[in-house]
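Residue-level listing of the chains:
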Amino acid sequence: MALDLHFRSSSVEIKSTREIDAMREVGRLAGDSLMKVAELIRPGVTTNELNQFVHEDTLKKGARPAPLNYRNGDSPPFPKSICTSLNEVVCHGIPSQRVLREGDIVNVDITHIYRGFHGDTSATFYVGKPSEEAKLVTEVARRSLELGIAEVRPGARLGDIGAAIQEFAEARGCSVVEDFVGHGIGRKFHDEPKVAHYGERGKGMRLKAGMTFTIEPMINLGTHEVEILDDEWTAVTADGRLSAQFEHTVLVTATGVEVLTARAGRLANSEIFPDYFG
């Protein structure tokens, strides 16, 4: 679940070995729920049905859905257990009776709370056969996340992550959303550091082993600018063009990076074009 740039906190938490183990556990559970809901993506399914499935699966695991009743500043409590962001929706889409249609793309964003810790992950899925534009924005977003993660190591800077994402996306004619960023995560859902998906290499906070945060680039086909709907949550592209997003929770290790929300297998209806970039 994305964090807006107005968030403020005081310091970056370095996790202990015990806390890292807890983060691995909740990350694995969140990744498993994402793999399960992936199998349900098809024309005719409502986003409420996706929400209900994940809600029940989360509770079966002994976890809780972090988005449910979450408040961000003065916004009303988020009313559902996941975010479902379709087509021009950038993030924080609210599940409803909206039926998935052939050719849609939909991001499903899942965050579990388990034994006091948060695991946050998302992916964009194809509903039936995608258009070429849908494939482009989705695969650019997927690869952008991979490139951002590849920059994570002790001594690197936050700007290295954003620069890698921005350079790749813009070179392919897409734009990077600037109004929402990744975030520190642990006992708190949203914490420091803020992880922008654009920036300059060599700039920003230096990464240290034991940091945990999300990387979750939102990539648009058109302008990077967004608008917030009257529900005070749903963010849409200002020009109505498609947007896609992928997210993992990561740990800075002594030698590099560990993806805490890594999945046990390939995502149905999402990881279906492995050779898109050759």
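For the structure itself, consult the block above.
The sections below set out a description of the structure shown in this document. (Residues numbered from 1 in each chain as written. Predicted model: local features only at pLDDT ≥ 70, side-chain atom pairs only at ≥ 80, totals over all residues. Heavy atoms only, no water.)

1. Brief notes about the overall build of the protein
Move 1: When helices and strands are counted, the protein shows four helices and 16 strands.
Move 2: The C-alpha atoms of the protein give 17 Å as radius of gyration, which agrees with the globular expectation for 278 residues (19 Å, within 12%).
Move 3: For the C-alpha atoms alone, the extent of the protein along its principal axes is close to 45 × 45 × 40 Å.
Move 4: Taking all 278 residues of the protein together, the buried fraction comes to 56%.
Move 5: For the protein, restricting intrachain contacts to residue pairs at least 6 apart in sequence, the fraction spanning at least 24 positions comes to 73%.
Move 6: Summed over all atoms, the accessible surface of the protein reaches about 11,400 Å², with 48% contributed by carbon and sulfur. (Helix = DSSP H or I, 4+ residues; strand = E, 2+ residues; numbered from the N terminus. Rg over C-alpha atoms; globule rule 2.2 N^0.38 Å. Buried < 20%, exposed > 50% of the residue type's maximum accessible area, 1.4 Å probe, protein only. Contact = heavy atoms within 4.5 Å. Areas by Shrake-Rupley, 256 points an atom, 1.4 Å probe, with all protein chains shown as cover.)

2. Concerning the nonpolar core
General note: in soluble globular proteins, nonpolar side chains tend to be found buried as a group.
Move 1: Among the nonpolar cores identified, the biggest contains 46 residues, and Val108, Phe125, Ile161, Leu207, Phe213, Ile215 and Ile219 are the most heavily contacted of them.
Move 2: Of all elements in the fold, only helix H1 (17–38), helix H2 (47–60), strand E5 (105–114), strand E6 (117–126), helix H3 (132–150), helix H4 (158–171), strand E10 (212–215) and strand E15 (248–252) reach the threshold of two or more residues within this core.
Move 3: Considering each element in turn, this core owes the most residues, six residues, to H3.
Move 4: Apart from residues no more than four positions distant in its own chain, Ile215 is found in contact with Leu145, Gly148, Ile149, Val152, Ile161, Ile165, Val195, His197, Phe246, Glu247, His248 and Val250.
Move 5: With 11 residues, the next largest nonpolar core counts Ile20, Tyr114, Ile185 and Leu251 among its residues. (Core = buried A, V, L, I, M, F, W, Y, C linked by side-chain atoms within 4.5 Å.)

3. Here's the deal with the pattern of salt bridges
Opposite charge on two side chains makes pairing possible when the charged atoms of those side chains draw close.
Move 1: Here the structure, examined in full by the defined rule, presents 17 salt bridges.
Move 2: With its nearest N and O atoms 3.3 Å apart, the salt bridge here joins Lys36 to Asp32. Here Lys36 pairs with Asp32, and both are found in helix H1, just four residues apart, close to one helical turn.
Move 3: The class for Asp32 is partly exposed, based on a relative accessible area of 29%.
Move 4: Between Asp104 and Arg98 there is a salt bridge, with its nearest N and O atoms 3.0 Å apart.
Move 5: The buried category is assigned to Asp104, whose relative accessible area is 7%. (Salt bridge = Lys/Arg side-chain N within 4 Å of Asp/Glu carboxyl O.)

4. Considerations on unusual backbone geometry
Move 1: The omega angle of the peptide bond from Glu192 to Pro193 is 5 degrees, so this bond is cis rather than trans.
Move 2: Tracing the backbone shows Pro193 in strand E9 (residues 191–195).
Move 3: The backbone phi angle of Asn87 is positive, close to 55 degrees, even though this residue is not glycine.
Move 4: Tracing the chain through its elements places Asn87 in the loop between strand E3 (83–86) and strand E4 (89–91).

5. Focus: the environment of Arg24
Move 1: One can find Arg24 in helix H1.
Move 2: With residues up to four places along the chain from it excluded, the contact list for Arg24 reads Leu251, Glu258 and Leu260.
Move 3: Within the structure, the side chain of Arg24 is placed 2.9 Å from the side chain of Asp21, a separation counted as a polar contact. (Polar contact = N/O pair within 3.5 Å; in protein donor to acceptor, adjacent residues only side chain to side chain.)

Functional significance is not addressed by these values, which are geometric in nature.
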